[in-house]
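Listed here are the chains, written in short residue letters.
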Amino acid sequence: MKIVLSGPKCSGKSITVSKLSKILGLPLIESDELIENLFHQKTGNKLTCRNICSEFGEDTFREYERKAIEEISKNDWCIVSTGGSTLLNKTSRQLLRDKSILILLTATSEKLLERFNKKSIPAYLNDKTAQELFVNRCNLIIEVIKPFADIIIDTSNINIDKTVNSIYEELKVEISLLSQKPNTFGNIVRMTTFGESHGPAIGAILEGIQPGIEISEQDIQKELNRRRPGQSAVSTPRNEKDQVKILSGIFEGKTTGTSIGMLIENKDQDSSKYDLIRNYLRPGTADFTFWKKYGIRDHKGGGRSSGRETAARVMCGAVAKKILESQKINITAHTIAIAGIKSNSVDYSTIENNSVRSADSIKAIEMEKAILKAKDNNDSVGGIAQLEITGLPAGLGDPVFGKLDARLAMAIVSLGAVKGVEFGSGFSSAEKHGSENNDEMRDGKFITNNAGGILGGISTGEKIIIRVAVKPTSSIFSKQQTCDLDGNNVDIQVEGRHDPCIVPRIIPVLETMAALVILDTLEIQKRVNPNFNNSNC
Ligand SMILES: Cc1cc2nc3c(=O)[nH]c(=O)nc-3n(C[C@H](O)[C@H](O)[C@H](O)COP(=O)(O)O)c2cc1C
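Remember, predicted model here, so these are calculated numbers, not experimental data.

A count of helices and strands for the protein gives 16 helices and 23 strands. Principal-axis analysis of the C-alpha atoms gives the protein an extent of 90 × 65 × 50 Å. Looking at the protein as a whole, 38% of its 537 residues are labelled buried. Restricting the contact set of the protein to residue pairs at least 6 apart, pairs at least 24 apart contribute 71%.

Here we take up unusual backbone geometry. The phi dihedral of Asn378 falls on the positive side, at around 55°, and the residue is not glycine. Its place among the elements puts Asn378 in the loop between helix H13 (361-376) and strand S15 (383-390). For Asn378, a count of 13 C-beta atoms within 10 Å gives the class partly exposed. The phi dihedral of Asp443 is positive, around 50°, even though this residue is not glycine. Here Asp443 shows up in the loop between strand S17 (441-442) and strand S18 (445-446).

Turning next to the sheet that holds strand S14 (residues 341-342). Taken together, the 5 strands give an open sheet; going across it, the order is S14-S13-S15-S21-S16, and neighbouring strands pair in antiparallel fashion. Two strands in the sheet have a free side with no partner beyond their single neighbour: S14 and strand S16 (418-423).

Turning to the sheet that holds strand S4 (residues 100-106), a few remarks are in order. Within the open sheet, the 5 strands sit side by side as S2-S3-S1-S4-S5. Their pairing is parallel. Each of the sheet's edge strands pairs with one partner strand only, and the pair in question is strand S2 (28-30) and strand S5 (151-154). Ignoring strand direction, the axes of neighbouring strands in this sheet form an average angle of 20°. Bridge count for strand S1 (residues 2-7) against S4 is 5 bridges, and the pairing is parallel. Paired with Ser6 across the bridge in S4 is Leu104.

Its domain assignment divides the protein into domain 1 (2-178) and domain 2 (184-536). Of note, the centres of domain 1 and domain 2, computed from C-alpha atoms alone, are 46 Å apart.

What follows covers the site of the ligand. The local shell around the ligand holds 21 residues, among which Ser305, Gly307, Gly416, Ser475 and His498 are the closest. No other element matches helix H16 (residues 503-528), which puts 3 residues into the shell around the ligand.

Before going further, it helps to spend a moment on the packing of helix H4 (residues 58-73) against helix H5 (residues 90-97). Between H4 and H5, the shortest axis-to-axis distance is 9 Å and the interhelical angle comes to 15°. Viewed along their axes, H4 and H5 adopt a mutual orientation that is roughly parallel. Considering only the axes of H4 and H5, their crossing is left-handed. Residue-level contacts link Arg66, Ile69, Glu70, Ile72 and Ser73 of H4 to Thr91, Ser92, Leu95 and Leu96 of H5. Of the residues assigned to the contact of H4 with H5, the class counts are 4 nonpolar, 3 polar and 2 charged.

Counting 74 residues, the largest nonpolar core has Met315, Ile338, Ala385, Leu510, Ala514, Leu516 and Ile518 as its most contacted members. Ranked by residues supplied to this core, first place goes to H16 with 13 residues. Residues within four places of Ala514 in sequence aside, it is in contact with Ile331, Leu387, Ile389, Leu408 and Ala411. Among the nonpolar cores identified, the runner-up in size contains 35 residues, and Ile3, Val17, Ile69 and Val80 belong to it.

Position of Asp275 relative to the elements: it lies in helix H10 (residues 272-275). For Asp275, a count of 10 C-beta atoms within 10 Å translates into the label exposed. Between the C-alpha atom of Asp275 and that of His299, which follows or precedes it by 24 residues, the distance is 7.5 Å.

The terminal C-alpha atoms of helix H12 (residues 310-326) lie 24 Å apart, and with 17 residues this matches the ideal 24 Å at 1.5 Å per residue to within 8%. Along H12, 14 of the 17 residues are buried, which leaves the element largely enclosed by surrounding structure.

What follows covers the pairing of strand S3 (residues 78-83). The pairing of S1 with S3 spans 6 bridges and is parallel. Its bridge partner being in S3, Val4 is matched across the sheet by Val80. Note: S2 against S3, 3 bridges, orientation parallel. In the sheet register, Glu30 faces S3, and the bridge partner there is Ser81.

Analysis parameters
Residues numbered from 1 in each chain as written. Predicted model: local features only at pLDDT ≥ 70, side-chain atom pairs only at ≥ 80, totals over all residues. Helix = DSSP H or I, 4+ residues; strand = E, 2+ residues; numbered from the N terminus. Buried ≥ 20, exposed ≤ 12 C-beta atoms within 10 Å, placed from the backbone. Contact = placed C-beta atoms within 7 Å. Pairing = 2+ DSSP bridges. Axes fitted to C-alpha atoms, helices over the stretch in contact; angles between N-to-C directions. Domains from an automatic or database assignment. Near = placed C-beta within 6 Å. Parallel < 35°, antiparallel > 145°, perpendicular 65-115°, else oblique. Left-handed = near helix turned anticlockwise from the far one by under 90°. Nonpolar A, V, L, I, M, F, W, Y, C, P; charged D, E, K, R; others polar. Core = buried A, V, L, I, M, F, W, Y, C linked by C-beta atoms within 7 Å. Expected span 1.5 Å × (residues − 1).

This is the structure:
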């Protein structure tokens, strides 16, 4: 995040940024100073920007200006002060606006000229025509930058302290808005989902997908069908076809490079069962916390907190999955435990052939029975899914906050009902000695994979192995104690249609969330190291 402050000459930039930088405790970068330093480094001449321009011509000056802006754009969490003319250039504007809040200081022409005249007027502005040119330039800067500015402060009639205070107040709002993007996920490959369980539709917008990639409605539908409700006795009987409608971004079977808009209409929502419990908080669901946070009660099907939202994610993830498959990166999830019944063999070909999506077809029968038994008892069960990613090169992921495992964990825990994530030997590593847990190497390869394919937040080239704990479905049909919206004790018997176990349905969602993370990480990697390719694994 950068805070970029700009404006025409005499709008009060220099003094404002230096005060702001102190208040916010952020380092200050002045583009003019950087241009002068770059020029000095290259030529050995110590000149001001104005002198570079007058002695070496505007083209030379702009060349140094572009280099300076490129340098500045690499910084994060800083305040940048730049002349309004710099932002007249489209490339510089794009570079400086990326992940930044743009503040524009303005003032009336009269005020700018008045302030200007108080300073010693440089020779080139000594006559009336030059002063007219100055005013026109200032007006042009304000006119061009205004539409891009997040904060605009007119400094004509306020002093510097008031200017700084106004900026500070507006910045607080902007920064809190920027940090609240709960419906958008990803950096370069970005997904935004919308819609509610009992609303007319749910949908998603997927950005950052390169043009020319072949994607058909069928590619997306295939994944949606795996997540769709009403598939078997162990999933909710809500009967949705989940038919995808592609609204934009795909033309004649290929991505156009613009945002891909996708929609699914909700056709089988039945809100009647929720009317009786309109003011009751369903135990284990997000009812209580949504009520506390928003003070608004959408009692129908959990609204935004419903597992139905994940259909929107699957549409986006299906696109990511297809792209990754073409690069031989495969993502598979399967159920390894339900209600304490653990699988003890792996045959990937059986996963889609049993109702619980287990790779152990024998244990799958026991797992299914356990779900049906809980369902008969008006109860639910939880379980564990295993997510595996193969074909990933070594070197993917970024240190500290961009760690690959951190990104994957965020994607997975963002799913309702997920209560635990472990990588590789995970929680069991806490009981081992280093001599057992370390993955030793021979001939450039790892002998074991206790790390689960990630070390230091960066892929090792080994299979990524993640296990995900999924809680038993909260909405159960037996009587439970709860409170109503006024805090009165009441008993509740939830109705509606629910999954007696979420694990089988979360499997395709896990795969698609992982696909989005991996594709995004690959796109980031291309920018960090354009020479990176899969051959270094
Ligand atoms: C695919 C999927 C299906 C779900 N189905 C249900 C359901 O039928 N009934 C229910 O109460 N919760 C269901 N959930 C879980 C809720 O979304 C979630 O448990 C609830 O919002 C509370 O959030 P938390 O468990 O993450 O704390 C489902 C979640 C997913 C990912």
